[in-house]
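Now for the letters of each chain:
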Amino acid sequence: MINTQEIQLWEVFIRPRNGLAHRHCGSLHAADAEMALQAARDVYTRRGEGLSVWVIPSAQIVASDPQDRDQMFDPADDKIYRHPSFYEIPDDVGHM
Amino acid sequence: MQKATFLALIRLADDHLILGHRLSEWCGHAPMLEEDLAMPNIALDLIGQARALYSYAGEIEAAGRDEDALAFGRIEREYQNLLICELENGDFAQTMLRQFYFASFMLLLWEQAQRSSNTILAAIAAKAVKEAKYHRRHCGEWVIRLGDGTDESALRMQAACAVLEPYLAEFFQVDEVVLEMSKNSILPDPLSLRAAWLADVCEVFGAAKIAPPDLSHAHKGGRKGRHTEAMGHLLAQLQYMQRSFPNMTW
């Protein structure tokens, strides 16, 4: 086996249909962008899952630090007024 | 004419079945997980194309042989695949180079065959051309990366070139079956594809820093059923289930 530690990791995003957003579906190893795109096609679209593929070097993703979870996300917990759930929606508006 | 069409279909089907079988041998053994899916994907495309060709050949022959009978029920001398298809895989470089040679050739052939006077063959070609386009792209990119990669990958790609070179001219061999097909606009004369094929190979080889192949010496015989030593071993494995349990189904 090739030592995949030396080969770059990529995140794969697939758009299943026109009008939908690309969604993260997994990751893979590839040496460069073209091979990553082909590997994404071969690994994640074998059963007709996609019409469009994005691949992004995992190292390029900037992620929040799990240790910052309290300061990042807890302050939103008690701001219930931010949810639009206190409005009466007239029946004839239909599905929103 | 029907006989020539039958033979031409069998040749193409045999190329695809035998090469697809060889490629399927990589399943579970590829150098990385991603390629362990990519190679069987290609193998399944090839075997799917073989099925369509065998089924149609069986209809034309009208002797009651279906795709399974043609794929699994013949003896070695009745297979008419190109010798390059039956050679052992060698390493990953050799496998990818052979796949690139074949995909580049088949892409050109299917492109022409889409305009075949035979509408069934034209329909088979229209489906196959999309698959061949991706095979050519995927394998071509690997040839470039291995040829112009590390010292070891370059050496392996050069060794692969040397092993496969004597089997290339057989692609373009012309005989009475080929002439009958091109005269009736059923399938193109492979010789007419040679210049475009060589240009495609040279473009990829240029990027891969590999010298163009020399087509002057050729092993031939596949189209007459004369095979290399590798063929008997391949068929023993390929035919095992149908020989042991004739007409078995899943």
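Here is what the cut-offs are and how they apply
Residues numbered from 1 in each chain as written. Chains lettered and ligands numbered in written order. Predicted model: local features only at pLDDT ≥ 70, side-chain atom pairs only at ≥ 80, totals over all residues. Heavy atoms only, no water. Core = buried A, V, L, I, M, F, W, Y, C linked by side-chain atoms within 4.5 Å. Buried < 20%, exposed > 50% of the residue type's maximum accessible area, 1.4 Å probe, protein only. Helix = DSSP H or I, 4+ residues; strand = E, 2+ residues; numbered from the N terminus. Contact = heavy atoms within 4.5 Å. Buried area = accessible area lost by both parts, 1.4 Å probe. Salt bridge = Lys/Arg side-chain N within 4 Å of Asp/Glu carboxyl O. Phe/Tyr/Trp six-rings, centres within 6.5 Å; stacked < 30°, edge-to-face > 60°. Lys NZ or Arg CZ within 6 Å of the ring centre and 35° of its normal. Axes fitted to C-alpha atoms, helices over the stretch in contact; angles between N-to-C directions. Parallel < 35°, antiparallel > 145°, perpendicular 65-115°, else oblique. Nonpolar A, V, L, I, M, F, W, Y, C, P; charged D, E, K, R; others polar.

Participant: So what's going on with the nonpolar core? Which residues, and what values?
Facilitator: Residue and element names in this part refer to chain B. Residues Tyr101, Trp110 and Phe205 are the most contacted members of the largest nonpolar core, which totals 90 residues. The biggest single contributor to this core is helix α5 (residues 92-113), with 14 residues. Once you skip the residues sitting within four places of it in the chain, Trp110 turns out to touch Leu12, His16, Gln49, Leu53, Ile124, Ala125, Ala128, Val129 and Ala132.

Participant: Kindly report on the interface of chain B and chain A, identifying the contributing residues and their values.
Facilitator: Tallying the contact residues gives 13 residues for chain B and 15 residues for chain A. Contact between chain B and chain A buries roughly 1,400 Å² in total, counting both sides, with carbon and sulfur atoms accounting for 56%. If you sort the residues of chain B by the area they bury against chain A, Met32(B), Glu34(B) and Tyr134(B) come out on top, with a joint share of 37%. Joining chain B to chain A, the criterion identifies 2 salt bridges.

Participant: Tell me about unusual backbone geometry, and please be specific about residues and values.
Facilitator: One non-glycine residue, Lys209(B), lies in the positive phi region at around 60°. Mapped onto the elements of the fold, Lys209(B) is located in the loop between α9 (194-208) and α10 (229-238).

Participant: Account for the environment of Ala159(B), naming residues and giving values.
Facilitator: Residue and element names in this part refer to chain B. Along the chain, Ala159 turns up in helix α7 (residues 151-164). What makes Ala159 partly exposed here is its relative accessible area of 41%. Each C-alpha atom, one on Ala159 and one on Arg65, is 41 Å from the other, the two residues being 94 residues apart in sequence.

Participant: Account for the packing of aromatic side chains, with residues named and values stated.
Facilitator: This model, assessed by the stated rule, comprises 11 aromatic pairs over all chains. Ring geometry for Phe100(B) against Tyr101(B): centres 6.4 Å apart, planes inclined by 35°, an arrangement best described as tilted. Side by side, Phe100(B) and Tyr101(B) carry an identical accessibility label, which is buried. Measuring from centroid to centroid gives 6.0 Å for Phe171(B) and Trp197(B), while their planes differ by 40°, and the two rings are tilted. Of this pair, Phe171(B) sits in the loop between α7 and α8 (176-183) while Trp197(B) is found in helix α9, placing the two residues 26 residues apart along the sequence. The exposure classification of Phe171(B) matches that of Trp197(B), with both residues buried. In textbook terms, an aromatic cluster arises when at least three aromatic residues are bridged by ring pairs, as seen for Phe100(B), Tyr101(B), Phe102(B), Phe105(B), Phe171(B), Phe172(B), Trp197(B) and Phe205(B). The side chain of Arg41(A) reaches across the aromatic face of Tyr134(B), ending 3.6 Å from its centre. The ring of Tyr79(B) carries the charged tip of Arg74(B) above its face, separated from the ring centre by 4.2 Å.

Participant: Provide a residue-level description of the packing of helix α1 (residues 33-44) of chain A against helix α2 (residues 33-61) of chain B, including the pertinent values.
Facilitator: Packed helices, taken two at a time, are described by the angle between their axes plus the distance between the axes. Direction vectors running N to C along α1(A) and α2(B) enclose 70°, while the axes themselves pass 9 Å from each other. Here α1(A) lies roughly perpendicular to α2(B), going by the angle between them. In this structure, α1(A) contributes Ala39(A), Arg41(A), Asp42(A) and Val43(A) to the contact, and α2(B) contributes Glu34(B), Leu37(B), Ala38(B) and Asn41(B). Residue classes in the contact of α1(A) with α2(B) are distributed as 4 nonpolar, 1 polar and 3 charged.

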